[in-house]
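# Survey of secondary and tertiary structure
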Amino acid sequence: MDYDSGAILRRAFVGFGLRSVAYDAPRHRIYAGFFLGGDVIAIDVDSGAVVDRWFAGRMVRQVSMSRDRNSLLASSNLGIVRIPLPPIAAASPADAAHP
């Protein structure tokens, strides 16, 4: 969705039970937490493809980026689960299109 106009730019079905979403601009990823299944998935912003999946416990309530952006924090029935993320790649000319 475009922030300024509210226009929908792209749609991607990722499953049922989506509860929380976090955006990771440097990695071009959206992380989505699913309440019932307990999964957190990584979605590539450019293609809409699911590129990774982690189990964080049933009833995932919130997914947030850590302050240092090196991990995700997901709250579930297991408590707070830390999911390490790969290092942010060095900027390339293609990244200039993604502020």
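Right above here is the structure, for reference.
Notes on the structure follow.

Reading guide: rules and limits
Residue indices begin from 1 for each chain and proceed along its sequence in written order. With pLDDT at 70 or above as the cut-off, local features in this predicted model cover only qualifying residues; side-chain atom pairs require 80 or more to be listed or tallied, and sums for whole chains, interfaces and linings still use all residues. No hydrogens and no water enter the side-chain calculation; it runs on all heavy atoms of the structure. Buried Ala, Val, Leu, Ile, Met, Phe, Trp, Tyr and Cys residues form a nonpolar core when they are joined through side-chain atoms within 4.5 Å. Burial classes: relative accessible area under 20% of the type maximum marks a residue as buried, over 50% as exposed, and values in between as partly exposed (1.4 Å probe, protein chains only). Each helix is a run of DSSP H or I of at least 4 residues and each strand a run of E of at least 2, with the numbering of both proceeding from the N terminus. In what follows, a contact means two residues having at least one pair of non-hydrogen atoms within 4.5 Å. Under the pairing criterion, centres of Phe, Tyr and Trp rings, with the six-membered ring standing for Trp, must be within 6.5 Å; the plane angle then separates stacked pairs below 30 degrees from edge-to-face pairs above 60, leaving the rest tilted. Here a strand pair is declared whenever DSSP counts at least two bridges between the two strands.

### A few points about the nonpolar core
Judged by nonpolar contacts, the single largest core of 14 residues is most densely connected at Y31, V40, W54, V63 and L72. Mapped onto this core, the elements with two or more residues apiece are β3 (39-44), β5 (62-65), β6 (71-76) and β7 (79-84). With near-sequence residues (within four places) excluded, V63 lies in contact with S20, V21, A22, Y31, G33, V40, L72, L73 and A74.

### Looking at the packing of aromatic side chains
On inspection of all chains with the given rule, the structure shows 2 aromatic pairs. Between Y31 and W54 the ring centres are 6.3 Å apart and the planes differ by 50°, which places this aromatic pair in the tilted class. You can see Y31 sitting in strand β2 (residues 29-34) and its partner W54 sitting in strand β4 (residues 50-55), a full 23 residues away along the chain. In terms of burial, Y31 and W54 fall into one category: buried.

### Things to note about the pairing of β2
Looking down a regular strand, the side chains alternate between one sheet face and the other. Relative to β2, strand β1 (residues 18-24) is paired through 6 bridges, and the arrangement is antiparallel. Pairing of D24 across the sheet is with R29, part of β2. Hairpin connection between β1 and β2: a loop of 4 residues separates the two successive antiparallel strands, and H28 in this loop has a positive phi of roughly 60°. Hairpin connection, β2 to β3: the antiparallel pair is bridged by 4 residues, and G38 has positive phi, about 85°.

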